[in-house]
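Fold and contact review
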Amino acid sequence: MSDTWIGNAGRGASVTAVSAFFKRRKRSAATFARSTAANTLARLSLLFVAMTCAEGCLDSPPQYTEPTPIPPQIFANLAQPPATSLVVTYSSSIDFNIPFRADDDGQQLTAFFIRDIDSDGQSTPVKFIDVPPDPLKRPFAEQQMPYRSLDWPWGWNADGNGTLAGCHTMTVIITNPSNFRIDATPDDLPVARLTWFLWLRVSSNDTQPVSCLQSSELGQKANSSP
């Protein structure tokens, strides 16, 4: 018959087993703590690197500026009447036709017709015309044939009195209305400009002043021969 011992030896064995269990738990907890600390440190290191890269590795955001509008362009060689020589007329009206192209993106253009703009104290606004957008919606570079154009009939002697007979200029300026002043349009502003020199005659008896191509003659009436 064998004896079963449940006395001190049994208790010691039980205590030893329980102590070993808690010791293993302590070692596991310590190991887990060290592992967690290492992982946390690694995450913080990666976060620091990411923050450093965010500050120094990424390019600064680009700076955008307002695009400079393309100035309108008048096809002077196609304008009517021709602007390359003195326009002499007996008719009571002159039909102006101005072929042009313009950048319509984000701007409203106006055509200003000014009489004797280069004559001191005599510049007179005659007509303002809002420039319609290109019906074909073409970009500036593609606005060739068919050309856009402005038409304006000027009845300079509609009343038949011949008040304006003599030497004059007619200037058309195509620009944004905010750029326009009667006395001048600075060259650095986006404008298109064309000037005609005119000799307005009521009858064939009118004689030409000294020269209608000289600014000093602008606004001067023609002389009437007997």
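Residues numbered from 1 in each chain as written. Predicted model: local features only at pLDDT ≥ 70, side-chain atom pairs only at ≥ 80, totals over all residues. Heavy atoms only, no water.

1. Side note on the overall build of the protein
Heads up, the condition is: Comment: elements are numbered from the N terminus, with helices defined as DSSP H or I runs of at least four residues and strands as E runs of at least two. Burial here depends on accessible area, computed with a 1.4 Å probe over protein chains only, as a share of the maximum for the residue type. Under 20% is buried, over 50% is exposed, and the range in between is partly exposed. Between two residues, a contact is recorded if the distance between any of their heavy atoms is within 4.5 Å. The protein chains shown are the only cover counted for residues, whose accessible areas, like all others here, come from Shrake-Rupley with a 1.4 Å probe.
Tallying secondary structure elements over the protein gives one helix and ten strands in all. Going from N to C terminus, the protein has its helices and strands arranged as α-β-β-β-β-β-β-β-β-β-β. With 226 residues in all, the protein has 31% of them scored as buried. The long-range share in the protein, meaning contacts at least 24 apart out of those at least 6 apart in sequence, stands at 67%. For the protein, the computed accessible surface area is about 14800 Å², with 57% contributed by carbon and sulfur atoms.

2. Overview of the state of the cysteines
Applicable threshold: Note that a disulfide, as used here, is simply two cysteine sulfur atoms within 2.5 Å.
A complete count under the given rule lists one disulfide for this structure. With its sulfur 1.9 Å from that of its partner, Cys 167 forms a disulfide with Cys 212. Around the S-S axis, the bridge from Cys 167 to Cys 212 shows a dihedral of about -70° and counts as left-handed. Separated by 45 residues along the polypeptide, Cys 167 in strand β7 (residues 166-175) and Cys 212 in the loop between β9 (206-207) and β10 (223-224) bring together distant segments of the chain. Cys 212 shares its class with Cys 167; the two are buried.

3. Details of the sheet that holds β7
Hydrogen bonds between backbone atoms are what pair the strands of a sheet, whose relative direction is either parallel or antiparallel. For clarity, the cut-off: DSSP calls a pair of strands paired once it identifies at least 2 bridges connecting them. For helices, the fitted line uses only the C-alpha atoms of the stretch in contact; every axis is such a line through C-alpha atoms, and the angle between N-to-C directions lies from 0 to 180 degrees.
With mixed pairing, the five strands of this open sheet are ordered in space as β2-β8-β7-β4-β5. The sheet is open, and its two edges are formed by β2 (87-89) and β5 (124-130), each paired on a single side. Here the strands of the sheet are splayed against their neighbours by 25° on average, with no regard to which way each runs. Sheet topology places β7 next to strand β8 (residues 192-200); nine bridges connect them, and they run antiparallel. Bridge assignment links Val 172 to a residue of β8, and that residue is Leu 194.

4. Thoughts on the nonpolar core
Rules: Note on terminology: a nonpolar core comprises buried Ala, Val, Leu, Ile, Met, Phe, Trp, Tyr and Cys residues joined through side-chain atoms within 4.5 Å.
If you look at the biggest cluster of nonpolar residues, it comprises 27 residues, and the most contacted ones within it are Phe 96, Phe 113, Trp 154, Val 172, Ile 174 and Trp 196. Those elements that place two or more of their residues in this core are β3 (94-101), β4 (110-115), β6 (148-154), β7 and β8. Residue contributions to this core peak at five residues, all from β8. Counting six residues, the second largest nonpolar core, distinct from the first, contains Phe 112, Ile 173, Phe 180 and Val 191.

5. Observations regarding the sheet that holds β3
Spatial strand order, β1-β3-β6: three strands in an open sheet with antiparallel pairing. Every other strand in the sheet has two partners, leaving β1 (73-74) and β6 as the edge strands with one partner each. In terms of strand pairing, β3 meets β6 through seven bridges, oriented antiparallel. Of the residues in β6, the one forming a bridge with Phe 100 is Arg 148.

6. Re the side chain of Asp 134
Assignment of secondary structure puts Asp 134 in the loop between β5 and β6. Here Asp 134 is in contact with Asp 104, Gln 143 and Arg 148, once residues within four sequence places are set aside.

7. Some thoughts on the packing of aromatic side chains
Each aromatic ring pair is specified by the distance between its two centres and by the angle formed by the two planes. Under the convention used in this document: Here a Phe, Tyr or Trp ring, Trp counted by its six-membered ring, pairs with any other such ring whose centre lies within 6.5 Å, and the pair is stacked when the planes are under 30 degrees apart, edge-to-face when over 60, and tilted otherwise. By the criterion adopted, a ring carries a charge over it if an Arg CZ or a Lys NZ lies within 6 Å of its centre and within 35 degrees of its normal.
This model, assessed by the stated rule, comprises seven aromatic pairs. Seen in terms of ring centroids, Trp 152 and Trp 154 are 6.3 Å apart; in terms of plane orientation they differ by 25°. Their pairing is stacked. Just as Trp 152 is buried, Trp 154 falls in that class too. Taken together, Phe 96, Phe 113, Trp 152, Trp 154 and Trp 196 form an aromatic cluster joined through their ring pairs. The side chain of Arg 201 reaches across the aromatic face of Trp 199, ending 4.2 Å from its centre.

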